[in-house]
Amino acid sequence: MRIAIYSNLGEASNIVATSLKNQIEKSSDLVIDGLNPEIVISVGGDGTLLSAFHHYQDINNKVRFIGIHTGHLGFYTDWRDYEVNDLIASLENDNGQSVTYPLLDIKVNYPGGGSADIGLALNESTLKQISGSMVADVYIKNQLFESFRGDGLCVSTPSGSTAYNKSVGGAIINPRLNAIQMAEISSINNRVFRTLGSPLIIAPDEWIKIVPKSTHRTILTCDHQVITTRKVASVEFRISQKRIAFAQYRHTQFWRRVSNSFIGEVNLDD
Ligand code: NAP
């Protein structure tokens with residue numbers, strides 16, 4: 001099986017990546033292949049896995065991901081740095097087992113008619129204004145839903161719901177659900193501008209379109225990347241037909257991961 005190692009530059013990650021590489025080279029079943037891998041092992045944190053996902057986005061339909069965390073427990077990183085031997089044994093006995101999560105599809109329409117498919121977000125996309133508060137009409141499935149005024153809007157995937165979305169008051173969504181949500185970033189609510197004031201979650205046959213109203217430039221992000229600071233006519237967000245696949249050699253219950261990360265040690269069996 002062809003394996004790519006995608007590591008961050010930290011010292012702990014370097015040690016793990018070297019150990020992985022050495023063990024893969026000794027194995028008769030595994031080979032290092034950074035260009036055309038079947039499995040991508042990210043070594044670092046959730047941010048490293050995000051970068052790995054974007055690095056291999058063009059062959060996303062052919063790869064499965066595995067995350068080894070060398071810092072605190074992550075959401076995309078199931079394996080610990082001291083479990084390299086167990087991971088190698090699992091890779092050697094791989095039978096294609098995987099779990100898939102939804103991705104967010106982003107399309108930008110520019111003033112004057114041009115448009116661009118921005119690609120996929122694993123966590124979220126945000127739209128903000130460079131200066132001043134952003135005024136924008138929000139459509140759901142081509143129907144005007146609300147007129148927003150505030151810092152911006154964040155549209156996230158279920159697996160990204162524990163990232164920026166959570167910081168702006170979005171709900172945590174189990175990635176088994178095929179949905180995306182929109183959360184407000186500091187909305188201004190008064191008699192003129194009135195928004196829902198809570199996150200909303202849309203179904204697979206729906207989409208969200210945001211139409212900025214002012215002449216100011218906006219900043220559109222996709223995960224850790226700034227996509228454009230050009231003026232946009234509108235941005236459309238849909239649940240992608242594509243999904244990200246993780247090799248699943250063992251299962252960590254999603255809500256256990258959430259409680260371990262944000263609440264601390266609790267016993268969910270009680
Ligand atoms: P960063 O600013 O270096 O790190 C952002 C933090 O978000 C890191 O602690 C990262 O975990 C964590 N994270 C990433 N994906 C996550 C997920 N799905 N669930 C829970 N935590 C997650 O930026 P980065 O490492 O390049 O990551 C970009 C992401 O940062 C964006 O997609 C956005 O979600 C997030 N972000 C959050 C805020 C906020 O909460 N106020 C603001 C801007 C961006 P690791 O330490 O394990 O890498």
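In this convention, every chain numbers its residues from 1, walking through the sequence in written order. Where totals are concerned, whole chains, interfaces and linings use all residues; where local detail is concerned, this predicted model gives features only for residues with pLDDT of at least 70, and gives and counts side-chain atom pairs only at 80 or more. The basis for the side-chain values is all heavy atoms of the structure; hydrogens and waters are excluded.

Q: Can you break down the state of the cysteines residue by residue, with the values?
A: Covalent bonding between the sulfur atoms of two cysteines defines a disulfide. Only a pair of cysteine sulfur atoms within 2.5 Å qualifies as a disulfide here. On inspection of all chains with the given rule, the structure shows 0 disulfides. Cysteine 154 takes part in no disulfide bond, and the closest cysteine sulfur to it belongs to cysteine 222, at a distance of 12 Å.

Q: Hey, could you go over the UniProt feature "active site" (unreviewed entry) in the chain for me, with residue numbers and the actual values?
A: UniProt positions are given in the numbering used here, feature names are shortened, and annotations may be inferred rather than shown by experiment. Under the feature "active site" (unreviewed entry), the UniProt entry names Asp46. Excluding its chain neighbours within four sequence positions, the residues that come into contact with aspartate 46 are Gly74, Phe75, Tyr76 and Thr77. We call two N or O atoms a polar contact when they sit within 3.5 Å, provided that within protein one can donate a hydrogen and the other can accept it, with sequence-adjacent residues counted only if both atoms are side-chain atoms. There is a polar contact of 2.8 Å between the side chain of aspartate 46 and the backbone nitrogen of phenylalanine 75. Residue contacts are counted whenever heavy atoms from the two residues lie within 4.5 Å of one another.

Q: Describe the packing of aromatic side chains, with residues and values.
A: Here a pair means two rings of Phe, Tyr or Trp (six-membered ring of Trp) with centres within 6.5 Å. Their orientation is stacked below 30 degrees between planes, edge-to-face above 60, and tilted elsewhere. Taken as a whole, this structure holds 6 aromatic pairs when the rule is applied. For the ring pair phenylalanine 53 and phenylalanine 65, a centre distance of 6.4 Å and an interplane angle of 55 degrees mean the geometry is tilted. Of the two residues, phenylalanine 53 is situated in helix 2 (residues 46–55) and phenylalanine 65 in strand 4 (residues 64–69); the sequence distance between them amounts to 12 residues. According to the relative accessible area criterion, phenylalanine 65 is buried, its value standing at 0%. Every member of this aromatic cluster is reached through a ring pair, and the members are Phe53, Phe65, Tyr76, Tyr101 and Phe246. By definition, being over a ring means that NZ of Lys or CZ of Arg is both within 6 Å of the ring centre and within 35 degrees of the ring normal. The ring of tyrosine 110 is capped by arginine 230, whose NZ or CZ atom sits 4.0 Å from the centre of that ring. In this description a helix means any DSSP run of H or I spanning at least four residues, a strand means any run of E spanning at least two, and both kinds are numbered starting from the N terminus. To sort residues, take the accessible area from a 1.4 Å probe on protein chains only and compare it with the maximum for the residue type: under 20% means buried, over 50% means exposed, and anything in between is partly exposed.

Q: Account for the nonpolar core, with residues named and values stated.
A: Within the largest apolar cluster, 25 residues are counted, with the highest numbers of intra-cluster contacts made by Ile106, Ile208, Val235 and Phe237. Counting residues per element, the ones that place at least two in this core are strand 6 (98–109), strand 9 (134–140), strand 10 (143–156), strand 11 (180–187), strand 12 (200–202), strand 13 (208–212), strand 14 (218–222) and strand 16 (234–247). The greatest single-element share of this core, amounting to 4 residues, is contributed by strand 9. Aside from chain neighbours lying at most four places away, what touches isoleucine 208 is Val138, Tyr139, Met182, Leu200, Ile202, Val235, Glu236 and Phe237. Throughout this description, the term nonpolar core refers to a set of buried Ala, Val, Leu, Ile, Met, Phe, Trp, Tyr and Cys residues connected via side-chain atoms within 4.5 Å.

Q: Can you break down the site of the ligand residue by residue, with the values?
A: The nearness test applies per residue and asks whether one of its heavy atoms lies within 4 Å of the molecule or strand. Asp46, Gly47, Glu124, Thr162 and Ser167 are the nearest of the 16 residues found near the ligand. The side chain of threonine 162 places a nitrogen or oxygen atom 2.7 Å from a nitrogen atom of the ligand. In isolation the ligand exposes 830 Å². Once the protein is present, 60% of that is buried. Elements supplying a minimum of two residues to the shell around the ligand: helix 2 and helix 4 (164–167). Among the elements that line the shell around the ligand, the one with the most residues is helix 2, at 3 residues. As annotated, the domain borders come from an automatic or database domain assignment. Counting contributing residues per domain, the shell around the ligand is built from domain 1 (2–97 + 248–262) and domain 2 (102–242), each supplying no fewer than three. Using a 1.4 Å probe, the Shrake-Rupley method yields the accessible areas, and only the shown protein chains count as cover for residues.

Q: Which residues make up the pattern of salt bridges, and what values do they have?
A: Salt bridge, as used here: a side-chain nitrogen of Lys or Arg that lies within 4 Å of a carboxyl oxygen of Asp or Glu. One pass over the structure, following the stated rule, counts 9 salt bridges. For the salt bridge of arginine 2 with aspartate 33, the shortest nitrogen-to-oxygen distance reads 3.8 Å. Of this pair, arginine 2 sits in strand 1 (residues 2–7) while aspartate 33 sits in the loop between strand 2 (31–32) and strand 3 (39–44), placing them 31 residues apart in sequence. Residue classification places arginine 2 among the partly exposed positions, given a relative accessible area of 29%. The salt bridge involving glutamate 83 is made with arginine 250; its shortest N-O contact spans 2.8 Å. Here the residue glutamate 83 occupies a position in the loop between strand 5 (79–80) and helix 3 (84–92), and arginine 250 occupies one in the loop between strand 16 and helix 5 (254–262), the gap between them amounting to 167 residues. By relative accessible area, glutamate 83 is classed as buried at 12%. Within the structure, one salt-bridge network assembled from shared partners comprises Arg2, Asp33 and Glu38.

Q: Please give an account of the domain arrangement of the chain that cites residues and values.
A: Per the domain assignment, the segments of the chain are domain 1 (2–97 + 248–262) and domain 2 (102–242). Look at where the C-alpha atoms of domain 1 and domain 2 centre, and you get two points 30 Å apart. Applying the counting criterion to the domain 1 and domain 2 interface returns 0 salt bridges. On inspection of domain 1 and its partner domain 2, the count reaches 4 residue pairs in polar contact (both at pLDDT 80 or more). Every element with two or more residues in the side of domain 1 that touches domain 2 is listed here: helix 2 and helix 5. In terms of residue count, helix 2 provides more of the side of domain 1 that touches domain 2 than any other element does, 5 residues in total.

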